[in-house]
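Fold and geometry: a report
Read off the chains here:
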Amino acid sequence: MVDQQEETSKIVDLNVGGVSYTTTLETLTKESNSHLGVLFTDGHFLVQKDSTGKYFLDRDGTLFRYILDYLRDQRVVLPEGLKERERLKQEANYYGLPNLERAIDEKSEEGAGSSTWRKRAPGYITIGYRGSFAFGREGLTDVKFRKISRILVCGRVALCRDVFGETLNESRDPNHGMSDRYTSRFFLKHNFIEQAFDMLQEQGFKLAGSCGSGTAGGNFELLKPGVDSEETRWNHYNEFVFVRE
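Residues numbered from 1 in each chain as written. Predicted model: local features only at pLDDT ≥ 70, side-chain atom pairs only at ≥ 80, totals over all residues. Heavy atoms only, no water.

- An unreviewed UniProt entry annotates the protein as BTB domain-containing protein originating from Vespula vulgaris.
- Within the UniProt record for the protein, the comment given under Function (unreviewed entry) is "Auxiliary subunit of GABA-B receptors that determine the pharmacology and kinetics of the receptor response. Increases agonist potency and markedly alter the G-protein signaling of the receptors by accelerating onset and promoting desensitization." (UniProt positions renumbered as here; feature names shortened; annotations may be inferred.)

What follows is the structure, given as structure tokens:
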């Protein structure tokens, strides 16, 4: 009987770009000559841990699920209409998985031959976000970091799903289904506004207009205890309207 503690040591907790995964050392090293396999060579992992003790990889956390699926089954099964194939191919290249890269290319060629792959529905999508800037401690106000709490997505449901795929969070939308309706209740699972713009550009959308409000204002006397007045001064809300004709 294999010692239980030895079995537990084969379980690996990961933090990939802020998304948590639990897998086995056997899966991670399935292709031992890959970059991922080298990083997790048994006995001396070449990966740092985060504050919770999980091994941290500074890569796309959402797409890593497909990397794990491939390593587990040694075959590629992608959802129909996946819009981030090029990004997934880039991740496969980083992890040193050439067979996965080739499989993604083959899947793309298969999809390119269908009429549904080529057809792109016209429409508008509005992206909005509320943000601020975090400042350094002890008055180091020259140190600024952009903070985005959430990226909102508004538009026709089918169009939003088509563009953002599995990065779209629909948990706050009460009317699941009914893809022909419109909603302002979607938001993204990540907080990278440039990634959202990239996905829109890849799907043929162009910026039609934008607006912003806030910064350098606000009634600081009404702030809640513990709220940074300097940071609140830079609160802002921006919206960007994209169109595909």
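Focus on the pattern of salt bridges
- Counting across every chain of the model gives 9 salt bridges.
- Its salt-bridge partner being R59, residue E91 comes within 2.8 Å of it at the nearest N-O pair. Placement of E91 in helix α5 (residues 85-94) and of R59 in the loop between β3 (55-57) and α4 (64-73) is noted, with a sequence separation of 32 residues between them.
- Relative accessible area serves as the criterion here: at 5%, E91 is assigned to the buried category.
- K89 serves as the salt-bridge partner of D105, at 3.0 Å between the closest nitrogen and oxygen. Here D105, found in helix α6 (residues 98-112), pairs with K89, found in helix α5; they are 16 residues apart in sequence, far enough to count as distant.
- Given a relative accessible area of 22%, K89 falls into the partly exposed group.
- By sharing partners, the salt bridges in this structure join E84, R87 and D198 into a single network. (Salt bridge = Lys/Arg side-chain N within 4 Å of Asp/Glu carboxyl O. Helix = DSSP H or I, 4+ residues; strand = E, 2+ residues; numbered from the N terminus. Buried < 20%, exposed > 50% of the residue type's maximum accessible area, 1.4 Å probe, protein only.)

Quick look at the environment of L88
- Within the secondary structure layout, L88 lies in helix α5.
- Distance from L88 to T62, taken between C-alpha atoms, is 9.8 Å for residues 26 residues apart in sequence.

Re empty space enclosed by the protein
- A complete count under the given rule lists 1 cavity of 30 Å³ or more for this structure.
- Taken as a whole, the largest cavity holds about 50 Å³ of empty space.
- Surrounding the largest cavity, Y66, D69, Y70, R75, V76, V77, L78, L88 and L100 form its lining.
- Broken down by element, the residue count for the lining of the largest cavity peaks at 3 residues, all from α4.
- When grouped by side-chain class, the residues that make up the lining of the largest cavity number 7 nonpolar, no polar and 2 charged. (1 Å grid on protein atoms, 1.4 Å probe; cavity = no way out; pocket = protein on both sides within 12 Å on 5 of 7 lines; lining within 4 Å. Points joined across faces, edges and corners; volume = space filled by probe spheres on them. Nonpolar A, V, L, I, M, F, W, Y, C, P; charged D, E, K, R; others polar.)

Some words on the sheet that holds strand β1 (residues 11-16)
- The 3 strands lie next to each other as β2-β1-β3, forming an open sheet whose pairing is mixed. Since the sheet does not close on itself, it has two edges, and those belong to β2 (19-24) and β3, each with one partner. The average undirected angle you get between the axes of adjacent strands in this sheet is 30°.
- Inspection of the sheet shows β1 paired to β2 by 6 bridges, in the antiparallel sense. Along β2, the bridge assignment pairs V12 with T23.
- Strands β1, β2 and β3 of the sheet are contacted by α4, whose axis makes an angle of about 10° with β2. (Pairing = 2+ DSSP bridges. Axes fitted to C-alpha atoms, helices over the stretch in contact; angles between N-to-C directions. Contact = heavy atoms within 4.5 Å.)

Quick word on unusual backbone geometry
- Non-glycine residue Q74 carries a positive phi angle of around 55°.
- When you line up the elements, Q74 lands in the loop between α4 and α5.

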